[in-house]
Amino acid sequence: MISPHNDDLITIRLNGSEVEVPNGINAVEAAALHGVEVPHYCYHPKLSVAGNCRMCLVEMGTPMRDRASGEAILEDDGSPKIGWVPKPVIGCATNVSPGMHLRTESELVQDCREGIMEFLLVNHPLDCPICDQAGECRLQEFATDYGRGFSRYVERKNVKPKRTRLGPRVTLDDERCILCSRCIRFSQEVAKDDVLGFVDRGSFSTLTCFPGKELSNNYSLNTVDICPVGALTSTDFRFKMRVWFLKESKSICTESSAGCNTLVSSREGKIHRITPRRNDQVNDTWMTDSGRTLFHSVRSENRILRPCVENQDVPMEEAISAALNCFKGKEVGVVASCHSTLEEQFLTKKLIDLTQAKTFIRGHFGEDDGILLSADRSPNLRGALLVNLTNQYPGESLHSLNDAISSGEVESLLVLNEDLLSSGVTEENLDKLPIVYLGTHANETSRLAKVTLPGLTVFEKNGSFINRSFILQAFEQSIPGPVGLVPQVNIICDLINQLSNVPSCSASFDDLWESMNASIEGLPEGLTHTELVKSALQIDRTPWSDMPFVEKEALHYTIEETTVV
Amino acid sequence: MSNLPKERRIILKNADDPSYSNQIDCYVRMGGYENLKKAISMQPEEVGEEVLKSGIRGRGGAGFPAGMKWKFLDRKSGKPIYLICNADESEPGTFKDRQIIYKDPHQLIEGMMIAAYAIGAKLSFIYIRAEFHEGARILNRAIEEAKSHGFCGNNILGTDFSCDLVVHRGAGAYICGEETGLIESLEGKRPNPRIKPPYFPAVLGLYQCPTIVNNVETLCNVRHIIEMGGDEFSKIGKPNNTGTRIWCVSGQVVKPGYYEFECGSLTLGQMIFEVCGGLLPGRSLKAVIPGGSSAKVLRADERFSGTLKDGTEFDWGLEDIPLDFDGPMAAGSMSGSGGIIVMDDTVDMVEAMANVNAFYAHESCGQCTPCREGSLWMRKITQRMCSGGAREEDADLLLSVANQIEGRTICAFGEAAAWPTQSFVTKFKDDFIQKASSSEKPENSTLQLI
Amino acid sequence: MDNQLELSELTLSKIDEVIPKYPEKRSAALMVIHLVQDELGSVNDTACEWIADRLGLQPINIKELVTFYPMLVQKPWGRKHIRVCRTLPCALRGSYATCKTFEKKFGVKEGHVREDGEYSLEFMECLADCGQGPVVIVDEKTYENIEGERAEKFAQLLTDGKLDDSEEFTSYEDSLIKLPES
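Residue positions are counted from 1 within each chain, in the order its sequence is given. In the order they appear in the text, chains get letters beginning with A and ligands get numbers beginning with 1. The predicted origin of the model limits local features to residues at a pLDDT of at least 70 and limits the giving and counting of side-chain atom pairs to 80 or more, whereas totals for whole chains, interfaces and linings rest on all residues.

**Observations regarding the overall build of chain A**
Under the DSSP-based scheme used, a helix requires at least four consecutive residues in state H or I and a strand at least two consecutive residues in state E, with every element numbered from the N terminus. Of regular secondary structure, chain A possesses 15 helices and 24 strands. Judged by the C-alpha coordinates and their principal axes, chain A covers about 90 × 55 × 40 Å. Exposed residues have 12 or fewer other C-beta atoms within 10 Å of their own C-beta, buried residues have 20 or more, and partly exposed residues fall in between, where C-beta atoms are placed from the backbone. Put simply, chain A has 565 residues, and 48% of those count as buried. We call two residues in contact if the C-beta atoms placed from their backbones are at most 7 Å apart. For chain A, the share of sequence-separated contacts (at least 6 apart) that also reach a separation of at least 24 residues comes to 64%.

In structure tokens, the structure reads:
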């Protein structure tokens, strides 16, 4: 990457005005910091600079210096004499230096943009009405903003393959491709799967996979995101929805502890797609393909939609009292979850303390891909550590719970999300005691539960998670939950209040966060969920520095030396 | 005849001597590799200094002083330094490097080893165009000979200086003549030229290491600079235009061919009408492209006037243009790679334009937008114009498209593609306008160019 | 990779020899492609995969090259491949007519291989011998000034198998071979 980022601010002159920008960033970014758009196609802040689209041509000059003495050469009025580069330069490969002058709106620059737009369109098909990119197409946007508005092209357009299957999830239209090479660079530099390339040459260059190979890696859909035109489209999303109807909410991917920032796009309560949201500390602008499919769980068949007692639908209040009955006079065990939000975990801990329950918690692990799918397949294991649900690194099973049931130390259970049967607890043991299950989807455990309390998915509630780098990130609700359902925090709060002599627990996020800030070490005073949605918080990791975290070195994640593996 | 100077063959001194062969014995007998010995007895910096003093300008096309280019080399990076000889000879109208490679390969090898010594390269490459099948074999054989004589490879002439030399074949791409395209090609990638900044070869060249890329003829000159000394060499030719140049004349003259003259010692007119025997019988001169097909065309009846760098005023007809670096430049074109293409009155200028445009459209690597789309568009326009579909507005359109390419591309190919169009259309506008009303060719011409 | 590619020992040993000449394996790509094409006549997808495997690359890296360079082909040319220069200096000397003559004489359209596989004809960009145009390359030998009637005659000699013996048409390469000095 060409642009080194640092905090050392310098002064440059942008279209005649002096502005401050970080030293060494490129002209496109520098201008953007001051609200000036330098249009571009091939430049992507998270990929190497290719400089091939030429859309970001600007005029650049630097203060002249005397060759021999190195002294600045001055104009008559004492201002530094500027040596303008005779040709326009590409903003993406021009790094700012002190005193640099940039013109992004001059006649020459306008002329360059008009020329490039015309060139990009001469061989581009006019199928915008049926193109999925319409509405978020840079070609359309810049044609409007910087184009000449009429065509001088009377020759035949080049013919290239259309509707090619590039992989299981990506469809390619080569005629729309403007050969910016973003997808190729992404595949090589980020996904480390060098399957894409250009064949043939000149204007006939064509993006393709080698015959028999496919763009099938778990990051393939990022190429769709970064394609500035409609060449690469999501096979799943193709022709489903016009993008301008979609509402976007900030969310966090729950697939693993990587904690990718996402945008959930929905319309009338239905989610249509999940795309990555830029976060330079976490996921840059990427996410996995698998993480994009998680919203399908919202409407999956095994969704728990109503409270149940003994397999009978009941009103929520009834289910809550049934749950309390299960705990009354019993040694309670609570199976907490690394999938719960920090708010839920905090209240769970409160409930545990109140009932003097024994706590059990397991982790979920898988292969680490070294990018954004980490070995810890839960979004909030570190949250469980922070609220002190456990001081041990969670293992992959709940054998200790099985033992505790066998020995009679646990006589009733509250289970959050987990399936106990697949966690080393025997069905025989589970039959011995009443189970209260609080979760979003049915599993073997919920089927054995006496009381089932329905919860909301990550898309239907607010909350926060702590990712593998101990970054506390909040997400917001994208769509309403199923009719009649309330967030898990409300249910846990209800349980707490009904168990307490003085009902003092509030599920309102303002109250909740006030109480969290007061009791959790490391959370600053006055921190709110709303604030967290805007900007994340780095949690000090030292209290857990010798925990055997399973994550491997990956994008924006390094294993600290203190970590015991 | 006017005061026509004699050819002064330095580079091609032996090439066409019937008793001379491309084998090492012959080269050594003629004093070969003595200058490598001399160079190695000097400090590398001293060698560089001689080259700088000689004033030698690159013979590949841009005419940049070679000594200066070497000065830009980043010697502090600690990374290996590479020397590459650009033997891609791809500019249409140029066929000088071929003569050296086929007929006097050791001269190139000696020049390269001296250059490698001067810049500190331990590995050098000759990037040769694939059409020179036999040329690559000749070079490989010559390198083996040189190695067995201790002129190349390990411990050259018994010293600590070692430099291996590898012949790398291209595969038919004009863009590989562009030095960063060449480097990409040599790295086994598509030869897409690199953006500059940051990828100046002298700093971030082959494998991101400091690299010098020089043309065949330039590197051969290094040998002679060491022989004569930089100061003495700089007396050949004219100030800022030192040494000899091998001019390649093609097209419609009686005796096309390659001719080596001191820079500036003769005019374009002398070259065409005296050295090359003039035009074919009954023909008159229409246009000349003075520096390979990407140079701007000159019209036979044009006048060129202005002030030279040294302050002297000039007012030339085409025939008066001195053949050196600065002459064609002053006339608004360039001497480029030394390829002079002569066109007589049988040439349909729109067809000639279409021919040239077809070349650039075919050769554009396709990496950056203006060149990729512009060159093909220009080809399509001129093709259509030659197939009965010419419109009056096409001349202006062509010019506008060319203007949208020039100065906006990653590499100089943009200019190479734009300059012909800009000059043809401007200087022969009537021919382009006329195409719209009549598709007639010049009288009695059966010549087909597209 | 279990890749079937029939290459002779000689070619394989040349490949083994050329790769270590470069500091980075990938650099040898063009040279290895040339060696494979020299033997097989073309570089098809199987060959791309084999070469990629040999160089530790992805097949697309090789296909990107094979499709870029005009002198690399995915389907073989004819047993005799004839190249005529199309670019301006040769065109000014009548190369279009030469190409047409060849199309007629060899019975094959430019850019194609004759049905029986005997001849193929390619109208190519500049071959860097512009002073002696039209320039024609037959396989690896360069012939100069092949225009007008000479083109007819040249084609005839070639089809008759008598080109190599002809004194009128000595290739540029053969003209370099000089008798040993006495």
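**Focus on the overall build of chain B**
Check the secondary structure of chain B and you find 18 helices and 13 strands. A compact globule built from 450 residues would reach a C-alpha radius of gyration of about 22 Å, and chain B, at 22 Å, matches this within 12%. By its C-alpha atoms, chain B is 75 × 50 × 45 Å across when sized along the principal axes. A burial count over chain B gives 63% of its 450 residues as buried. Counting contacts in chain B only where the partners sit at least 6 residues apart, residues at least 24 apart contribute 73% of the total. Within these notes, the globule rule equals 2.2 Å times the number of residues to the 0.38 power, and the radius of gyration is based on C-alpha atoms.

**A closer look at the interface of chain A and chain C**
With 12 residues of chain A in contact, the opposing surface of chain C contributes nine residues. Looking at side-chain class alone, the side of chain A that touches chain C contains seven nonpolar, one polar and four charged residues. Throughout, the ten residues Ala, Val, Leu, Ile, Met, Phe, Trp, Tyr, Cys and Pro are labelled nonpolar, Asp, Glu, Lys and Arg are labelled charged, and all others, Gly among them, are labelled polar.

**Some remarks on the environment of Ile-195 of chain B**
On the secondary structure map, Ile-195 of chain B appears in the loop between α8 (179–186) and α9 (201–204). Ile-195 of chain B sits 36 residues away from Thr-159 of chain B along the chain, and the two C-alpha atoms are 39 Å apart. In this structure Ile-195 of chain B touches Val-49, Gly-51, Ile-90 and Ala-93 of chain A together with Ile-410 of chain B, once residues within four positions along its chain are discounted.

**Looking at the interface of chain C and chain B**
Taken together, the contact pairs 39 residues of chain C with 54 residues of chain B. Taken together, the elements giving at least two residues each to the side of chain C that touches chain B come down to α2 (29–40), α4 (59–68), α5 (88–92), α6 (95–106) and α8 (172–176) of chain C. Grouping the amino acids of the side of chain C that touches chain B by side-chain chemistry returns 23 nonpolar, six polar and 10 charged.

**Topic: the sheet that holds strand β17 (residues 332–336) of chain A**
Residue and element names in this part refer to chain A. For two strands to be treated as a pair, DSSP must find at least two bridges joining them. Here seven strands make up an open sheet; going across it, the order is β16-β15-β21-β20-β19-β17-β18 and the pairing mixed. Two strands in the sheet have a free side with no partner beyond their single neighbour: β16 (312–313) and β18 (358–361). Where β17 lies against β18, four bridges are found, and the strand directions are parallel. What sits directly across from Ala-336, in β18, is Ile-361. Sheet contacts for helix α7 (residues 316–327): β15 (308–309), β17, β19 (412–416), β20 (435–439) and β21 (451–454); angle to β21, the most-contacted strand, approximately 130°. Interaxial angles span 0 to 180 degrees and are taken between N-to-C directions of axes, which are lines fitted to C-alpha atoms, for helices over the stretch in contact.

**Re unusual backbone geometry**
Looking along the chain, the bond that leaves Lys-196 of chain B and enters Pro-197 of chain B is cis, with omega of 0°. Secondary-structure assignment places Pro-197 of chain B in the loop between α8 and α9. Phi is positive for Asn-417 of chain A, which is not a glycine, with a value near 65°. For Asn-417 of chain A, the location among the structural elements is in the loop between β19 and α11 (427–431). According to the C-beta neighbour criterion, Asn-417 of chain A is buried, with 22 such atoms within 10 Å.

**Digging into the nonpolar core**
Think of a nonpolar core as buried Ala, Val, Leu, Ile, Met, Phe, Trp, Tyr and Cys residues, each tied to the set through C-beta atoms within 7 Å. In this structure, Val-335 and Val-436 of chain A together with Ile-33 of chain C are the most contacted members of the largest nonpolar core, which totals 346 residues. When residues no more than four places from it in sequence are discounted, the contact partners of Ile-33 of chain C are Val-43, Ile-51, Ile-62, Leu-65, Val-66 and Leu-72 of chain C.

**A few points about the domain arrangement of chain B**
Interfaces are often sized by the accessible area lost when the parts come together. All names here are of chain B. Taken domain by domain, chain B holds domain 1 (24–235), domain 2 (241–344) and domain 3 (349–437). Counting residues at the interface gives 11 residues for domain 1 and eight residues for domain 3. Taken together, the residues of the side of domain 1 that touches domain 3 break down into seven nonpolar, three polar and one charged. For each domain, the first and last residues come from an automatic or database assignment.

**Section: the environment of Arg-98 of chain B**
Its place among the elements puts Arg-98 of chain B in helix α5 (residues 96–103). Spatially, the C-alpha atoms of Arg-98 of chain B and Val-216 of chain B are 9.1 Å apart, while their sequence positions differ by 118 residues. Arg-98 of chain B has contacts with Glu-89, Phe-132 and Gly-135 of chain B together with Ala-128 and Asp-129 of chain C, leaving out every residue within four places of it along the chain.

**Observations concerning the pairing of strand β2 (residues 17–22) of chain A**
Residues and elements named next belong to chain A. One ladder, built from six bridges, connects strand β1 (residues 9–14) with β2; its direction is antiparallel. From the neighbouring strand, Leu-9 faces β2, where its bridge partner is Pro-22. Hairpin connection, β1 to β2: the antiparallel pair is bridged by two residues, and Asn-15 has positive phi, about 50°.

**Looking at the sheet that holds strand β13 (residues 261–267) of chain A**
Residues and elements named next belong to chain A. Spatial ordering of the open sheet is given by β12-β13-β14, a layout of three strands whose pairing is antiparallel. Either end of the sheet is taken by a strand with one partner, and the two such strands are β12 (247–252) and β14 (270–276). With direction set aside, neighbouring strand axes in the sheet form an average angle of 30°. Both β13 and β14 contribute to a ladder of six bridges, which runs antiparallel. Among the inter-strand pairings, Thr-262 is bridged to a residue of β14, identified as Pro-276.

**Focus: the environment of Ala-134 of chain A**
Residue and element names in this part refer to chain A. Its place among the elements puts Ala-134 in the loop between α2 (107–122) and α3 (138–146). With 16 C-beta atoms counted inside 10 Å, the residue Ala-134 sits in the partly exposed group. Ala-134 sits 109 residues away from Val-243 along the chain, and the two C-alpha atoms are 7.7 Å apart. Excluding residues within four positions of it along the chain, Ala-134 makes contact with Cys-128 and Gln-140.

**A short note on the packing of α2 of chain C against helix α3 (residues 45–55) of chain C**
Residues and elements named next belong to chain C. For the pair α2 and α3, interaxial distance at closest approach is 11 Å and the crossing angle is 140°. Taken as axis vectors, α2 and α3 run oblique relative to one another. The two elements α2 and α3 meet at a crossing, and its hand is right-handed. Taken together, the residues of α3 that come into contact with α2 (itself represented by Ala-29, Val-32, Ile-33, Val-36 and Leu-40) are Ala-47, Ile-51, Arg-54 and Leu-55. Of the residues belonging to the contact of α2 with α3, the class tally is eight nonpolar, no polar and one charged. Relative orientations are named as follows: roughly parallel for angles under 35 degrees, roughly antiparallel for angles over 145 degrees, roughly perpendicular for angles from 65 to 115 degrees, and oblique for any other angle. Two helices cross in a left-handed way if the nearer one is turned anticlockwise from the farther one by less than a right angle. They cross in a right-handed way if the turn is clockwise.

**Structural notes on α6 of chain C**
All names here are of chain C. Compared with the 16 Å implied by 1.5 Å per residue over 12 residues, the 16 Å span of α6 between its first and last C-alpha is a close match. Every buried residue of α6 is accounted for by Ser-95, Tyr-96, Thr-98, Cys-99, Thr-101 and Phe-102. On the buried face of α6, the contacting elements are β1 (80–85), α5, β3 (119–124) and α7 (148–159). Of the residues flanking the end of α6, it is Gly-107, one or two places downstream, whose phi is positive at about 65°. One less than the number of residues in a helix, times 1.5 Å, gives the span that helix is expected to have.

**Description of the pairing of strand β13 (residues 339–344) of chain B**
All names here are of chain B. Most of β13 sits out of view: six of its six residues are buried. Relative to β13, strand β9 (residues 285–289) runs antiparallel, the two being bridged by four bridges. Within the sheet, the bridge partner assigned to Ile-289 lies in β13 and is Ile-341.

**Some thoughts on the confidence of the model for chain B**
Parts of the prediction with low pLDDT should not have their coordinates interpreted in detail. Counting all residues, the mean pLDDT for chain B is 96, and 99% of those residues have values of 70 or more. Predicted complex, confidence summary: ipTM 0.96, pTM 0.95. By definition, pLDDT measures how confident the predictor is in each residue, and it falls between 0 and 100.

**Structural notes on the confidence of the model for chain A**
Chain-level pLDDT for chain A is 94 on average; 98% of the residues reach the 70-or-more range. Counting contacts from residues 561–565 of chain A, a segment whose pLDDT is below 50, to residues more than four positions away or on other chains yields seven contacts.

**Things to note about the packing of α2 of chain C against α4 of chain C**
Residues and elements named next belong to chain C. It is at 11 Å that the axes of α2 and α4 come closest, and there the two elements cross at 70°. Taken as axis vectors, α2 and α4 run roughly perpendicular relative to one another. Residues Ala-29, Leu-30 and Ile-33 of α2 pack against Ile-62, Leu-65 and Val-66 of α4. Tallied by class, residues from the contact of α2 with α4 come to six nonpolar, no polar and no charged.

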